[in-house]
Structures are given as structure tokens and as C-alpha cells.
Amino acid sequence: MQTPSQLGELPLPPWAMSFGNPNAPVTVIELFDLHCPYCAWAHTQLDPLYKKLVGEGKLRLIFLDLIAHPDALLAHQYLHCAYRQLGNKTLDLITRLYEAYDPQDTGKQLQLLQQYRCNDAPSATDFENAARALVRYLAQKGVRITQLGTPTFIIIKNGTIEVVVGAQVDRVASLISQ
């Protein structure tokens, strides 16, 4: 397996939400959907660890949209508008959005996000193309993702790339903590 420095630049769109030191020893790319209950649960469980490791400069955390629930598109677009305005504080907003997630009332998230709306947010096609480009890039590096769902965690550490599909919080925490 190649080391992260040999991997070259990840094919991330300029609008990808990135937190932490770009040169951190661990990078986590989280493919997420704001209307995914598994993403919500996983994020609220991992959030304290994320914030600790980002604060210590040990983790680069990147969120890339993988919208499985089409009704989440507007929330994702507003979130990217918020990221432009809030920068690193967006990580706290993501946590609040997941804490507010209610499958019976997804409007709660939109209420938190409406103040950030903009006219040039990424489109559904932008989101789809970014996720596909990342999967293709990983395949070129010998990492096959046979199943893609939300959440999916791509962990780059110590010369390896691990892919964890699903809300396997303990496994993700173990991989990024060691």
C-alpha cells in the first residue's frame, strides 16, 4: 500500500469541508448524508474524539456529501453555504444538525441552516461527481470499495487506507486513535 505522501493530492472538490491540519498524520474522509440516521448516530458518537484530535493537530477531517436521501439536497447545499461563512465553526454546526435530526421532521435542520442559503452552492450533480471521483481515485490506488453507503469512513494513516462502511464507531475510533 502506498503512503499518504505518495498518494498525491486527493481528488477533493474546492467546496469539500475540511477541518484540521492538512498535514496531520491521520486523514478521515467521511461520506455522509444529513438525513441518514446512522450518520447522525455515528457523528454524535465520534464528535468528541474528532474535536480532540483536530485540536491536537493529529487529524484532518473532511466531509464529502453522499446524498442517499434526495430530500437532504437542500440541507447539504445550505451547509456548504454555512461552511463558506463559518469555516471551522461548521463542525459544531454539523453536530447541531445531527442532534436536531428527526426522520419525521427534517425541517428542523433546514431551520438551523436557512440563514446561510446562497445562490452558488454545489448541485446534486456536483455531489455525485465528487463521490465518484474519490471512489475512482481509490480504485486506482488499489482500494476497492465494494459497498458504498452512509456513513462511509475513508481513513488514511501510517501508509494504509482503510474503508469502514456503516456506523462502526468503535472501529473508526480505534483506527484514528492508535
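Above this note sits the structure.
Report follows, based on the coordinates. Keep in mind that what you see is a predicted model, and the values were worked out from it rather than measured. (Residues numbered from 1 in each chain as written. Predicted model: local features only at pLDDT ≥ 70, side-chain atom pairs only at ≥ 80, totals over all residues. Heavy atoms only, no water.)

So, on to the side chain of Lys-157. Considering the arrangement of structural elements, one finds Lys-157 in strand E4 (residues 152–157). Although buried, Lys-157 forms no salt bridge, and the nearest oppositely charged side chain, Glu-162, lies 10 Å from it. A polar contact of 2.8 Å, which involves the side chain of Lys-157, links it to the backbone oxygen of Leu-175. If we skip the residues at most four places from it in the chain, Lys-157 touches Pro-25, Val-26, Leu-175, Ile-176, Ser-177 and Gln-178. (Helix = DSSP H or I, 4+ residues; strand = E, 2+ residues; numbered from the N terminus. Buried < 20%, exposed > 50% of the residue type's maximum accessible area, 1.4 Å probe, protein only. Lys, Arg positive; Asp, Glu negative; His and termini not counted. Salt bridge = Lys/Arg side-chain N within 4 Å of Asp/Glu carboxyl O. Polar contact = N/O pair within 3.5 Å; in protein donor to acceptor, adjacent residues only side chain to side chain. Contact = heavy atoms within 4.5 Å.)

As for its placement among the helices and strands, Gln-77 is situated in helix H2 (residues 73–86). Here Gln-77 is in contact with Ala-121, Pro-122, Ser-123 and Phe-127, once residues within four sequence places are set aside.

This brings us to the environment of Phe-63. The topology assignment puts Phe-63 in strand E3 (residues 59–65). Judged by relative accessible area, Phe-63 falls into the buried class, the value being 0%. When the C-alpha positions of Phe-63 and Gly-159 are compared, they lie 21 Å apart, and in sequence the two are 96 residues distant. Dropping the residues within four chain positions of it, Phe-63 is found in contact with Ala-16, Met-17, Phe-19, Glu-30, Phe-32, His-43, Tyr-50, Leu-91 and Ile-94.

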